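# Geometric and topological summary
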Amino acid sequence: MYNDFVNFVHQLYGISDFVPLHAPCFFGNEKNFLNECIDSTFVSSVGPFVDRFEKEIAEYTGAKKAVVCVNGTNALHLAMILSGVKKGDEILTQPLTFIATCNAISYIGAHPVFIDVDLDTMGLSPFTLKKWLDKNAHIIGNECFNKFSGRRIKACIPMHTFGHPVHLDELIEVCLEYKIDLIEDAAESLGSFYKGKHTGTFGSIGALSFNGNKTITTGGGGMLLFNDIKLANHAKHLSTQAKVPHRWEFSHDEIGYNYRMPNINAALGCAQLENLEIIIKNKRETADKYAEFFKDSFDIEFFIEPKDCRSNYWLNTILLKDINAKEDFLNYTNDNGVMTRPAWTLMNKMPMFSACQTSDLKNAIDFENRVVNIPSSFRVNVENKIG
Ligand SMILES: *Cc1c(COP(=O)(O)O)cnc(C)c1O
């Protein structure tokens, strides 16, 4: 069985040796745009590609405004600052995520609280969130507080796991009821839509990542999405050392950060973005082929996008029915030229976060035991090859 899978993946990618989990693909204007940067000497933190990348991401996602960052982690850090998260606040998030979500919370001195995920999305469960808040939270004035710890509960950060959107309508409803800010970690979900609207544009702020392993890459990079222009302008200000614009004076009106993406990275991003829909179409075809391959399997289930969503299928996911099979499956595939990887260790198991509050984490634990990610790169060696 594992052997059939290994052969299938090699055939799918038209590669006979090593198939990586997610490799970047460059078949468009990448080299041209990078050359333009070098020829113009504009390789650093200002330049036409920075403005263009922001404008085009805003257009593509439907956000009112987008602001570039150096990476997704500092985009999330800025999102925390911009939404007024303060030291000692509690932030509701999911235990099944990449460490960056929780690190960004920690940079402020805030405390993550881990809420279980849904079985059909792998992302933060609105039902469990409401249950936890009903039991633990109350509203004083216009703010939400934890009845037991006494801390303010400031924001909720769901993450669209492997590109699959969470139940946003229901999450928004719970956050409104409890006067909690919604910030989306959309680092994995560029090109994923919930009921026709792009992920990362539902909350007050959304964060994207363009790291090398993401759907499109700028080498390293991130982006914040806003519906509020004033907040977006503040983000730009903070990411640029909070410098007050002036022809020659260096004056700064608050503590700022050097979080702005260089032009050379944005150039790569603009070229990648031109082919985003081609990349996603190709990735979704890969997902269809996997779904077909696993359709009659007794021991492996392929994870399908949630209802009413178009997922980017950033990382394809299988669920092993027998949790004792994971080690064998990982060993066999990685030994035989097919890169596979288990889900992240749950955040509440990390020493830094082991004392954090949690809801019942039954689904997250189940995913941790069963999830394996399988090769998901753009397939170059296929009929619809371009460039
Ligand atoms: C990739 C990722 C980030 C941001 O990562 P960077 O490498 O800093 O761009 C944040 N959250 C999640 C869930 C991610 O997968």
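Residues numbered from 1 in each chain as written. Predicted model: local features only at pLDDT ≥ 70, side-chain atom pairs only at ≥ 80, totals over all residues. Heavy atoms only, no water.

### Here's the deal with the site of the ligand
- In the vicinity of the ligand lie 16 residues, with Gly72, Thr73, Glu188, Ser209 and Lys214 positioned nearest.
- Between an oxygen atom of the ligand and a side-chain N or O atom of Thr73, the distance comes to 2.5 Å.
- The protein chains hide 92% of the 390 Å² of surface that the ligand would expose on its own.
- In this structure the site holding the ligand corresponds to the largest pocket.
- If you list the elements that add at least two residues to the shell around the ligand, you get α4 (72-82) and α5 (99-107).
- When residues in the shell around the ligand are grouped by element, the largest group, three residues, is from α4.
- Among the residues forming the shell around the ligand, the class breakdown is five nonpolar, eight polar and three charged. (Near = heavy atom within 4 Å. Polar contact = N/O pair within 3.5 Å; in protein donor to acceptor, adjacent residues only side chain to side chain. Areas by Shrake-Rupley, 256 points an atom, 1.4 Å probe, with all protein chains shown as cover. 1 Å grid on protein atoms, 1.4 Å probe; cavity = no way out; pocket = protein on both sides within 12 Å on 5 of 7 lines; lining within 4 Å. Sits in = over half its atoms within 2 Å of the grid points. Helix = DSSP H or I, 4+ residues; strand = E, 2+ residues; numbered from the N terminus. Nonpolar A, V, L, I, M, F, W, Y, C, P; charged D, E, K, R; others polar.)

### Observations concerning the domain arrangement of the protein
- Here the protein is described as being made up of domain 1 (2-23 + 276-374) and domain 2 (30-273).
- On a C-alpha basis, the centroid separation for the pair domain 1 and domain 2 is 25 Å.
- Taken together, the contact between domain 1 and domain 2 spans 39 residues of the former and 47 residues of the latter.
- Note on domain 1 versus domain 2: buried area summed over both sides is about 3600 Å², and carbon and sulfur give 64% of it.
- Our enumeration of links across domain 1 and domain 2 arrives at zero salt bridges.
- The tally of links from domain 1 across to domain 2 stands at 24 residue pairs in polar contact (both at pLDDT 80 or more).
- Per-element accounting of the side of domain 1 that touches domain 2 gives the leading share, five residues, to helix α10 (residues 276-294). (Domains from an automatic or database assignment. Contact = heavy atoms within 4.5 Å. Buried area = accessible area lost by both parts, 1.4 Å probe. Salt bridge = Lys/Arg side-chain N within 4 Å of Asp/Glu carboxyl O.)

### Some thoughts on the pattern of salt bridges
- Going through the model one piece at a time under the given rule, you end up with 19 salt bridges.
- Put simply, Arg52 and Glu56 hold a salt bridge, and the shortest N to O gap is 3.0 Å. With a gap of four residues between them, Arg52 and Glu56 both fall in helix α3 (residues 48-61), about one helical turn apart.
- Here Arg52 falls in the partly exposed class, since its relative accessible area comes to 28%.
- Between Asp366 and Arg370 there is a salt bridge whose closest N-O contact spans 2.7 Å. Highlighted residues: Asp366 and Arg370, both in helix α12 (residues 362-370), separated by four residues, approximately one helical turn.
- Since its relative accessible area comes to 23%, Arg370 is described here as partly exposed.
- A single network of salt bridges, built from pairs that share partners, joins Arg52, Glu56 and Glu274. (Buried < 20%, exposed > 50% of the residue type's maximum accessible area, 1.4 Å probe, protein only.)

### A word on the packing of aromatic side chains
- Under the definition given, this model contains 20 aromatic pairs.
- Centre to centre, the rings of Phe53 and Phe210 are 5.0 Å apart; their planes meet at 55°, and the pair counts as tilted. Note that Phe53 is positioned in helix α3 and Phe210 in the loop between β10 (205-209) and β11 (222-226), a separation of 157 residues in sequence.
- Take Phe53: its relative accessible area is 0%, and that puts it in the buried class.
- Overall, the relative accessible area of 0% leaves Phe210 in the buried class.
- Aromatic rings pair up to connect Tyr2, Phe5, Phe8, Tyr290, Phe293, Phe294, Phe302, Tyr313, Phe329 and Tyr332 into one cluster.
- Geometry around Phe202 places Lys197 over its ring, the cationic atom sitting 4.5 Å from the centre.
- Seen from the ring of Phe250, Lys243 lies directly overhead, with NZ or CZ sitting 5.1 Å from the centre. (Phe/Tyr/Trp six-rings, centres within 6.5 Å; stacked < 30°, edge-to-face > 60°. Lys NZ or Arg CZ within 6 Å of the ring centre and 35° of its normal.)

### A look at the packing of helix α6 (residues 126-136) against helix α7 (residues 168-177)
- At a closest axis distance of 9 Å, the pairing of α6 and α7 adopts a crossing angle of 15°. On the basis of the axis angle, α6 is roughly parallel to α7. As α6 runs across α7, the sense of the crossing is left-handed. Residues Pro126, Leu129, Lys130, Leu133 and Asp134 of α6 form the contact with α7, whose own contacting residues are Glu170, Leu171, Val174 and Glu177.
- Grouping the constituent residues of the contact of α6 with α7 by class yields five nonpolar, no polar and four charged. (Axes fitted to C-alpha atoms, helices over the stretch in contact; angles between N-to-C directions. Parallel < 35°, antiparallel > 145°, perpendicular 65-115°, else oblique. Left-handed = near helix turned anticlockwise from the far one by under 90°.)

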